[in-house]
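Listed below, chain by chain, are the residues.
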Amino acid sequence: MPDLIICDTSCLILFDKINQLDLLRLCYNTIYVTPEVAAEYGKQLPDWVLSRKVANQSHQRILEQILGVGESSAIALGVELPQSTVVIDDLKARKVAKSLNLQITGSLGILVKAKQKGHIDQLAPVLDDVQQTDFRISEKILTKILSLVGE
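Residues numbered from 1 in each chain as written. Predicted model: local features only at pLDDT ≥ 70, side-chain atom pairs only at ≥ 80, totals over all residues. Heavy atoms only, no water.

Novice: Help me get a handle on the pattern of salt bridges, residues and values and all.
Specialist: Under the definition given, this model contains five salt bridges. Note that Lys43 and Asp16 form a salt bridge whose closest N and O atoms lie 2.5 Å from each other. Residue Lys43 is found in the loop between helix 3 (35-41) and strand 3 (49-51), and its partner Asp16 is found in helix 1 (residues 9-17); the two are separated by 27 residues along the sequence. The salt bridge involving Asp134 is made with Lys17; its shortest N-O contact spans 3.0 Å. Linking Asp134 in the loop between helix 8 (123-131) and helix 9 (139-148) with Lys17 in helix 1, this pair joins segments that are 117 residues apart in sequence. By relative accessible area, which is 61% here, Asp134 ends up exposed. Taking the relative accessible area as the measure of exposure, Lys17 reaches 44% and is therefore partly exposed. (Salt bridge = Lys/Arg side-chain N within 4 Å of Asp/Glu carboxyl O. Helix = DSSP H or I, 4+ residues; strand = E, 2+ residues; numbered from the N terminus. Buried < 20%, exposed > 50% of the residue type's maximum accessible area, 1.4 Å probe, protein only.)

Listed below in structure tokens is the structure:
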């Protein structure tokens, strides 16, 4: 994955809830959000999270016909920054991003990367924290992730 990511709101909210927002900075050199994502997040973002407005607003508005504002803006910015990875968790938004040939990951993918880079000693307790939030993970995905990181 490249060192430039564009975060959707769900990743920021989840990582804030489990007190792991710093993992973004540890895993990536540059973290962008759109002003729409920042507004949806609703809290002060760390100074290492950069805000960037989508240049092609018409592309964003088209995406908003089928997706939420934050997801649409993140995907539209991803189109404008082809070297980026868009962090998006919503299945419908992921399908749209893939159809646009964007590189994507999700919050769980970042947790796996953090474990692989040595920023998390054990992933299982972090996933337990995730499950205490409203973020849904199937048992099949949990098993696959833990197997992937050797836990």
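Novice: Describe the side chain of Thr9, listing the residues and the values that go with them.
Specialist: Mapped onto the elements of the fold, Thr9 is located in helix 1. Taking relative accessible area as the criterion, Thr9 reaches 6% and is therefore assigned buried. Of the polar contacts made by the side chain of Thr9, one reaches the side chain of Glu40; its length is 2.5 Å. (Polar contact = N/O pair within 3.5 Å; in protein donor to acceptor, adjacent residues only side chain to side chain.)

Novice: So, the nonpolar core: which residues are in play, and what are the values?
Specialist: Ranked by size, the top nonpolar core spans 35 residues in total, and within it Cys7, Leu12, Phe15, Leu24, Leu111 and Leu123 carry the most contacts. In terms of residues, this core owes the most to one element, helix 7 (residues 107-116), which gives five residues. With near-sequence residues (within four places) excluded, Leu12 lies in contact with Cys7, Leu21, Leu24, Val33, Val37, Tyr41 and Leu45. Core analysis: the next-biggest nonpolar cluster, separate from the first, contains 18 residues, Leu4, Val54, Ala74 and Leu81 among them. (Core = buried A, V, L, I, M, F, W, Y, C linked by side-chain atoms within 4.5 Å. Contact = heavy atoms within 4.5 Å.)

Novice: Quick one: what's the story with the packing of helix 8 against helix 9, residue by residue and with numbers?
Specialist: Their axes nearest at 11 Å, the elements helix 8 and helix 9 cross at an angle of 155°. On the basis of their axis angle, the class for helix 8 and helix 9 is roughly antiparallel. Crossing geometry of helix 8 relative to helix 9 is assigned as right-handed. Across from Leu123, Ala124, Leu127 and Gln131 in helix 8, the residues of helix 9 making contact are Glu139, Leu142, Ile145 and Leu146. Residues belonging to the contact of helix 8 with helix 9 are distributed by class as follows: six nonpolar, one polar and one charged. (Axes fitted to C-alpha atoms, helices over the stretch in contact; angles between N-to-C directions. Parallel < 35°, antiparallel > 145°, perpendicular 65-115°, else oblique. Left-handed = near helix turned anticlockwise from the far one by under 90°. Nonpolar A, V, L, I, M, F, W, Y, C, P; charged D, E, K, R; others polar.)

Novice: Quick rundown of the pairing of strand 1 (residues 4-7)? Include the residues and the values.
Specialist: Every second residue of strand 1 is oriented toward a common face, with Leu4 and Ile6 on one face and Ile5 and Cys7 on the other, all of them buried. Note that strand 1 and strand 2 (residues 30-33) share three bridges and pair parallel. Residue Ile5 lies in a different strand from strand 2, and its bridge partner there is Ile31. (Pairing = 2+ DSSP bridges.)

Novice: Provide a residue-level description of the environment of Arg94, including the pertinent values.
Specialist: Here Arg94 shows up in helix 6 (residues 91-99). Between the C-alpha atom of Arg94 and that of Ile75, which follows or precedes it by 19 residues, the distance is 9.1 Å. The contacts of Arg94, once residues within four sequence positions are left out, are Ile88, Asp89, Ile104, Thr105 and Gly106.

Novice: Could you give an account of the sheet that holds strand 3, naming the residues involved and the relevant values?
Specialist: Strands in a sheet are paired, the pairing made by backbone hydrogen bonds, and the direction either parallel or antiparallel. Spatially, the five strands line up as an open sheet ordered 3-2-1-4-5, and their pairing is parallel. Of all the strands in the sheet, the pair left with one neighbour each is strand 3 and strand 5 (103-105). Between one strand axis and the next, the sheet turns by 35° as a mean value, whatever way the strands run. The pairing of strand 1 with strand 4 (residues 85-87) spans three bridges and is parallel. Paired with Ile5 across the strands is Thr85, a residue of strand 4.

Interpretation note: all reported values are geometric properties and have no functional meaning in isolation.
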